[in-house]
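Structural overview
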Protein chains: 2
Amino acid sequence: MLISTKGRYGLRSMADLVLNAQENPVPLREIAERQGISESYLEQVFALLRKAGLVNAIRGSYGGYTLARPADQITVGEVLQALEGPLTLANCAKIGTPLECDKMDSCLTMPFWKELSAKMEEVMSSFTLQDLVAKETLPGLTPEVKEKEE
Amino acid sequence: MLISTKGRYGLRSMADLVLNAQENPVPLREIAERQGISESYLEQVFALLRKAGLVNAIRGSYGGYTLARPADQITVGEVLQALEGPLTLANCAKIGTPLECDKMDSCLTMPFWKELSAKMEEVMSSFTLQDLVAKETLPGLTPEVKEKEE
DNA sequence: ATTAATCCTACCATCTTACTAGGTTTAGAA
DNA sequence: TTCTAAACCTAGTAAGATGGTAGGATTAAT
């Protein structure tokens, strides 16, 4: 039940973009290198992010990508939905789509799927990219992990 | 990001089993017919449910399946985990598995995945099979939908 | 003109999914 | 004992998704 690499790579890359955004746009080559992801595969990921209006692209030499909005105004849910499509685990959790729900008994499971989707949506829309890079926002975790070398 | 048919069919079939459990075991043929699912595919689904200890099988003529425990003591999460494997959406949400987390920046996303998994687990473990068939248990939803009939 | 970047499309191998098919046991009933 | 209906088991398979690679075209700063 893992999410695909598109979503995982894309989310990591967006966090990377937040961290490394100076005044210059960030080229994919750098993100790919830092994150250990194939550059040409990342191109396809960022094509989706661009179409969703989450990043801006600057073409040509010294080009790259920038966030289309401030990091605290882009939710993780937006990123994942752009890359993975609808974020529901069953069709009958989607509003207005009684696709398989014409079976009488199958709809017994609908309240569960709806509740699950609602809770997932809650988490995804409350987490922003800023939350990912600002480690202090998460109370339960140890903030001092500076063991690593620079 | 849909869950597979194994999970969806299995959950519907378990609810079906709750509803149609008399003193006799319920044969797969009946469940398959009611739910509109291929019987031989359902066999594979129930093989997983049996190995997980969620149903008991009675072989031979007049055989079939029964719940291994009362319906209010089997959670939806148990059923889905038996059919889908681990219910996390990213590896780093699993405890004790720093698989892709040796990349420094990749772990920026870990708190999100952990939070999401925790919330999903919360819903899945709070919903029992009994809740699925007893529609009054859901407070947020309209308990009487008779108005739509008229 | 060169270079470095995005952009675009096609292709590919592997894996997963959702089955189907065909057989074997098992046990109640006739 | 035989018939029958059920669980059980394993292999195969077509279609789609996944996770890329390859090669070029376009764009813009130097």
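Residues numbered from 1 in each chain as written. Chains lettered and ligands numbered in written order. Predicted model: local features only at pLDDT ≥ 70, side-chain atom pairs only at ≥ 80, totals over all residues. Heavy atoms only, no water.

With 43 residues of chain A at the contact, the number on the chain B side is 43 residues. Approximately 4100 Å² of surface area, both sides summed, lies buried where chain A meets chain B, with 74% of it carried by carbon and sulfur atoms. The largest share of the area that chain A buries against chain B comes from A:Met1, A:Leu108 and A:Phe112, three residues that together contribute 19% of it. Here chain A is connected to chain B by zero salt bridges. Taken together, chain A and chain B are joined by two residue pairs in polar contact (both at pLDDT 80 or more). (Contact = heavy atoms within 4.5 Å. Buried area = accessible area lost by both parts, 1.4 Å probe. Salt bridge = Lys/Arg side-chain N within 4 Å of Asp/Glu carboxyl O. Polar contact = N/O pair within 3.5 Å; in protein donor to acceptor, adjacent residues only side chain to side chain.)

Turning our attention to the domain arrangement of chain A. When the parts come together, some accessible area is lost, and that loss is often what is quoted as the size of the interface. All names here are of chain A. Along its sequence, chain A is carved into domain 1 (5-67) and domain 2 (74-128). Taken residue by residue, the interface counts eleven residues in domain 1 and eight residues in domain 2. Summed over both partners, the interface of domain 1 with domain 2 comes to about 790 Å²; 84% of that surface belongs to carbon and sulfur atoms. For the domain 1 face of the interface with domain 2, the top three residues by lost area are Gly7, Leu11 and Leu54, together amounting to 54%. Inspection of the domain 1/domain 2 interface yields zero salt bridges. Viewed at the interface, domain 2 and domain 1 are joined by one residue pair in polar contact (both at pLDDT 80 or more). Sorting the residues of the side of domain 1 that touches domain 2 by element identifies helix H1 (5-19) and helix H3 (39-51) as the ones contributing at least two each. Sort the elements by how many residues they give to the side of domain 1 that touches domain 2 and H1 lands first, with five residues. Considering only residue class, the side of domain 1 that touches domain 2 consists of eight nonpolar, two polar and one charged. (Domains from an automatic or database assignment. Helix = DSSP H or I, 4+ residues; strand = E, 2+ residues; numbered from the N terminus. Nonpolar A, V, L, I, M, F, W, Y, C, P; charged D, E, K, R; others polar.)

So, about the relation of the copies chain A and chain B. With an axial shift of 0.0 Å and an RMSD of 0.1 Å, the rotation relating chain A to chain B amounts to 180 degrees. With respect to symmetry, the two chain copies, as superposed, fit the operation of a two-fold axis. Take the interface residues of chain A: 98% of them recur as interface residues in chain B, which is what a same-surface contact looks like. (Least-squares fit on C-alpha atoms with pLDDT ≥ 70 in both.)

Attention now goes to the packing of aromatic side chains. Tallied over the entire structure, the rule returns eight aromatic pairs over all chains. On the basis of an interplanar angle of 75 degrees and a centroid distance of 5.2 Å, the ring pair of A:Phe112 and B:Phe127 is categorised as edge-to-face. Separated into two different chains, A:Phe112 in helix H5 (residues 110-126) and B:Phe127 in the loop between helix H5 (110-126) and helix H6 (129-133) make up a pair that spans both. Taken as a pair, A:Phe112 and B:Phe127 share a single burial class, namely buried. (Phe/Tyr/Trp six-rings, centres within 6.5 Å; stacked < 30°, edge-to-face > 60°. Buried < 20%, exposed > 50% of the residue type's maximum accessible area, 1.4 Å probe, protein only.)

Taken together, the buried positions of helix H4 (residues 76-84) of chain A are A:Val76, A:Gly77, A:Val79, A:Leu80, A:Leu83 and A:Glu84. Mapping the buried residues of H4(A) onto a view down its axis gives an arc of 160 degrees, with all of them on the same face. In this structure, the buried residues of H4(A) make contact with H1, H3, H5 and helix H6 (129-133) of chain A together with H5 of chain B. (Arc of directions from axis to C-beta.)

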